[in-house]
Number of protein chains: 2
Amino acid sequence: MEVIKTISDLKDFIKDYNNVSLVPTMGALHEGHGALIKKAITEKTQNEKVIVSIFVNPIQFGPGEDFNKYPRTLNEDVIFCEELGVDVVFAPNAATMYGISSDENDNVHLSNNYLTYVCPPYLLVDKLCGKSRVGHFDGVATVVLKLFNITQAKKAYFGQKDAQQLFLIKKMVKDLNLDVDIKSVPIVRDKNGLALSSRNKYLDEDGYNKALTLNKMLNKVKELYDKGVVNVKILFEEAILLNNDDKVEIEYFEFLDFNNLEPVNIVTKNTIVAIAAKVNKIRLIDNMIF
Amino acid sequence: MEVIKTISDLKDFIKDYNNVSLVPTMGALHEGHGALIKKAITEKTQNEKVIVSIFVNPIQFGPGEDFNKYPRTLNEDVIFCEELGVDVVFAPNAATMYGISSDENDNVHLSNNYLTYVCPPYLLVDKLCGKSRVGHFDGVATVVLKLFNITQAKKAYFGQKDAQQLFLIKKMVKDLNLDVDIKSVPIVRDKNGLALSSRNKYLDEDGYNKALTLNKMLNKVKELYDKGVVNVKILFEEAILLNNDDKVEIEYFEFLDFNNLEPVNIVTKNTIVAIAAKVNKIRLIDNMIF
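Read on for a plain summary of the structure. Please read all numbers here as calculations on a predicted model, not as lab measurements.

## Considering the overall build of chain A
Stage number 1. Scanning chain A from N- to C-terminus turns up 10 helices and 11 strands.
Stage number 2. Compactness check: chain A gives a C-alpha radius of gyration of 19 Å against a globular reference of 19 Å for 290 residues, within 12% of the reference.
Stage number 3. Dimensions of chain A, computed from C-alpha atoms along their principal axes, come out at roughly 55 × 40 × 40 Å.
Stage number 4. Expressed as a percentage of its 290 residues, the buried residues of chain A come to 42%.
Stage number 5. Here the analysis covers contacts within chain A between residues at least 6 apart in sequence; of these, 69% occur between residues at least 24 apart.

## Here's the deal with the interface of chain B and chain A
Stage number 1. Opposite the 25 residues of chain B that make contact, chain A presents 25 residues.
Stage number 2. Among the elements that take part in the side of chain B that touches chain A, helix α7 (residues 136-151) of chain B stands out by supplying 5 residues, more than any other.
Stage number 3. Grouping the constituent residues of the side of chain B that touches chain A by class yields 16 nonpolar, 5 polar and 4 charged.
Stage number 4. Summarising the sheet, strand β5 (residues 117-119) of chain A and strand β5 (residues 117-119) of chain B pair through 3 bridges and their orientation is antiparallel. Within the sheet, the bridge partner assigned to A:Val118 lies in β5(B) and is B:Val118.

## Things to note about the sheet that holds strand β1 (residues 2-4) of chain B
Residues and elements named next belong to chain B.
Stage number 1. Sheet architecture is open: 6 strands sit in the order β1-β4-β3-β2-β6-β7, paired in parallel fashion. Pairing within the sheet leaves two strands with one partner each, and these edge strands are β1 and β7 (181-185). Across the sheet, the axes of successive neighbouring strands diverge by a mean angle of 25 degrees, strand direction being ignored.
Stage number 2. Here strand β6 (residues 155-159) pairs with β7 via 5 bridges, running parallel. Note on β7: the bridge partner recorded for Tyr157 is Lys183.
Stage number 3. Across the sheet, α7 touches β2 (19-25), β3 (48-54) and β6, and the angle it forms with β2 is around 150 degrees.

## Some thoughts on the pairing of strand β10 (residues 271-279) of chain B
All names here are of chain B.
Stage number 1. Taken across its 9 residues, β10 has 8 buried, putting it largely inside the fold.
Stage number 2. As defined by bridge partners, strand β8 (residues 249-257) adjoins β10 across 8 bridges and the pair is classed as antiparallel. What sits directly across from Glu254, in β10, is Ala274.
Stage number 3. Once β10 ends, the chain turns through 2 residues before running back antiparallel as strand β11 (residues 282-289), passing Asn280 with a positive phi of about 50 degrees.

## A few points about the relation of the copies chain B and chain A
Stage number 1. Mapping chain B onto chain A is achieved by rotating through 180 degrees and translating by 0.0 Å along the same axis, at an RMSD of 0.0 Å. Taken together, the rotation and translation describe the operation of a two-fold axis. Among all C-alpha atoms of chain B, that of B:Val118 lies closest to the rotation axis, at 2.3 Å.
Stage number 2. A shared interface surface links the copies, since 100% of the contact residues of chain B are contact residues in chain A too.

## A closer look at the packing of helix α9 (residues 205-226) of chain A against helix α10 (residues 232-240) of chain A
All names here are of chain A.
Stage number 1. Packing of α9 against α10 leaves a shortest axis separation of 9 Å and a crossing angle of 135 degrees. In terms of axis orientation, α9 runs oblique to α10. For the pair α9 and α10, the crossing hand works out as right-handed. In this structure, α9 contributes Met217, Lys220, Val221, Leu224 and Tyr225 to the contact, and α10 contributes Leu235, Glu238 and Ala239.

Parameters at a glance
Residues numbered from 1 in each chain as written. Chains lettered and ligands numbered in written order. Predicted model: local features only at pLDDT ≥ 70, side-chain atom pairs only at ≥ 80, totals over all residues. Helix = DSSP H or I, 4+ residues; strand = E, 2+ residues; numbered from the N terminus. Rg over C-alpha atoms; globule rule 2.2 N^0.38 Å. Buried ≥ 20, exposed ≤ 12 C-beta atoms within 10 Å, placed from the backbone. Contact = placed C-beta atoms within 7 Å. Nonpolar A, V, L, I, M, F, W, Y, C, P; charged D, E, K, R; others polar. Pairing = 2+ DSSP bridges. Axes fitted to C-alpha atoms, helices over the stretch in contact; angles between N-to-C directions. Least-squares fit on C-alpha atoms with pLDDT ≥ 70 in both. Parallel < 35°, antiparallel > 145°, perpendicular 65-115°, else oblique. Left-handed = near helix turned anticlockwise from the far one by under 90°.

What follows is the structure in structure tokens.
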């Protein structure tokens, strides 16, 4: 396996291959990423290579967010990728990605004042996570398009956990006529049901136990749905009871049509139940798609 | 020569060729476009094809602008391209380009509320033409990126007349890591010096005579510069005298560094002198790069 840090080295590498598939990550890899990587490797065609990109993208973090303390574990990530059979880890720095010699996200030159951005549709951004994380999805779409262009990937793998991201990347591919097949992979959970996330590293034991509430609420919805309850008002009210002593600070708990991110009153196929909450100031998300 | 209307037909066409070069236009072709096309054909390499796109892009016109009356002359344009030796005219409609069945630019679904946009840097947009044409360059960058992706062009040809557009497209290519070589072609003028533009068709005889003022002002700058005058204040004041009876309504007349679009006080290599003015309500632009 090769670890490549520059765009020119990456271009040298890919020119010998028919196809490249990309797993874009911010590192701090866990079994959720592992599921994406394994799927990419399983779906490899002849003379195809799997690239995992590791880049903590400054422009997708807001001013008060955790860019500086976001976990960076490149050495472990490289070993993780090698053991799974990845062909290339692409680990550029901010100077390589943005032509600006800074890893600080407070550098004003990383804003849309100075850089060309990709801006997903406002009405699809201004809901769920995008409502509180202003500018986040512009930063995500921009870096993902850059990675698509740099790697010339024909397939790219995204986790269903970041459901709004997955939705907006698919929309970008359609709207901008990109020739990339977006593959999604279901949420991976630990033995207690907590959705895997790099941010779980921030949780202490108390936080961890509280964080389980997110998955419990989703399970409650599923349990009632399996008994025939499809009315969103009832599902919402029953599930929210599990947080009646405010274990977690809920930011949103919504039932949407995953075809268009519009709210629904009745759960049907392709309804997404999405939840975001803070646990001891750590922001976590989880969801379930019917 | 083929005339292709759909994206799938275009993809079928290009898959047999090594390279494609693109001349993106809004039609109403004139000798300015002709110069772009001729350069593209001259620079063709083996097994390369030249595509001229013709698409009056609704999302680059503002609410009060001339989208509906913009000249549409597809039959003549096709003949023009065929005579020059173009390989393909790609002439999609708005439904093909935006997946929305409307050619009207007042369709709200063509806004960034519903579509993924490419947004060039605000500080480079909020000057020259971008200052009065709010949203214009977002619309331009978006459609150009779509056309690059659809055609998989490795080279694309833009006129120097739309200098800010040329600048922002080059910036987009750099910022988004596109693999397209942007080629520019000098302004083509008629026998009286008027820069060719599809909008010149709107001019009556009186308007035409007034419109010549733009080029006369640029020529005055050049004449003084050739005599050794490099002070922008002096050049500006001398040139503006040519419009002392308000033949044209000047929107801007600026001296900028074409490396960064910042104002300069002294003319040096790569200074651009750019002018926009209305003539009997027709908006025209012209420029000169040292």
